[in-house]
Amino acid sequence: MNFKKFKQKALKNPEVRREYDFLEDEFSLIDQLITMRTKAGLTQEEVAKKLGTNKSNISRLERGRSNPSWETLNNYAAACGFRVKLEAVENGPVSP
């Protein structure tokens, strides 16, 4: 079974689906961080140097293994030539 089929089968389980949906925003943030850096043509090491930190800290950030502050996210984005914008989105109806 390939990953795509495995994922489809797993997401039929309501508990797995709930957890997957819960993590969607985190995965989206990680994707945006990596996209900013690659669009800027920078390596993790180059971003780290601009921020005065270690490559391992950038790696952790891009893997979702840290809890970055708003300042950290702004600094990362600025180092890549971007800015951070917060968007509040109303949740849909809550299921019983």
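Now for a quick tour of the structure. (Residues numbered from 1 in each chain as written. Predicted model: local features only at pLDDT ≥ 70, side-chain atom pairs only at ≥ 80, totals over all residues. Heavy atoms only, no water.)

1. Notes on the pattern of salt bridges
Item 1. Taken as a whole, this structure holds two salt bridges when the rule is applied.
Item 2. Close ionic contact of Arg17 with Asp21 constitutes a salt bridge, the shortest N to O distance being 3.6 Å. Within this pair, Arg17 and its partner Asp21 are both found in helix H2 (residues 14-39), separated by four residues, close to a single helical turn.
Item 3. Residue classification places Arg17 among the partly exposed residues on the basis of a relative accessible area of 35%.
Item 4. The class for Asp21 is partly exposed, based on a relative accessible area of 38%.
Item 5. Across the salt bridge formed by Arg37 and Glu62, the nearest N and O atoms sit 2.6 Å from each other. Of the two residues, Arg37 is situated in helix H2 and Glu62 in helix H4 (residues 55-62); the sequence distance between them amounts to 25 residues. (Salt bridge = Lys/Arg side-chain N within 4 Å of Asp/Glu carboxyl O. Helix = DSSP H or I, 4+ residues; strand = E, 2+ residues; numbered from the N terminus. Buried < 20%, exposed > 50% of the residue type's maximum accessible area, 1.4 Å probe, protein only.)

2. Some remarks on the packing of helix H3 (residues 44-51) against H4
Item 1. For the pair H3 and H4, interaxial distance at closest approach is 8 Å and the crossing angle is 110°. One finds that H3 runs roughly perpendicular with respect to H4. Like other packed secondary-structure pairs, H3 and H4 cross with a definite hand, here right-handed. Across the interface between the two elements, Gln44, Glu45, Val47, Ala48 and Leu51 of H3 pack against Lys55, Ile58, Ser59 and Glu62 of H4. (Axes fitted to C-alpha atoms, helices over the stretch in contact; angles between N-to-C directions. Parallel < 35°, antiparallel > 145°, perpendicular 65-115°, else oblique. Left-handed = near helix turned anticlockwise from the far one by under 90°. Contact = heavy atoms within 4.5 Å.)

3. Re H3
Item 1. Along H3, the residues that are buried comprise Gln44, Val47 and Ala48. The arc that holds every buried residue of H3, seen down its axis, measures 100°, which confines them to one face. Facing away from the buried side of H3, by more than 90 degrees, are the exposed residues Glu45, Lys49 and Lys50.
Item 2. Elements that come into contact with the buried residues of H3 comprise H2, H4 and helix H5 (70-79).
Item 3. Just downstream of H3, Gly52 is the residue with a positive phi angle, here 70°. (Arc of directions from axis to C-beta.)

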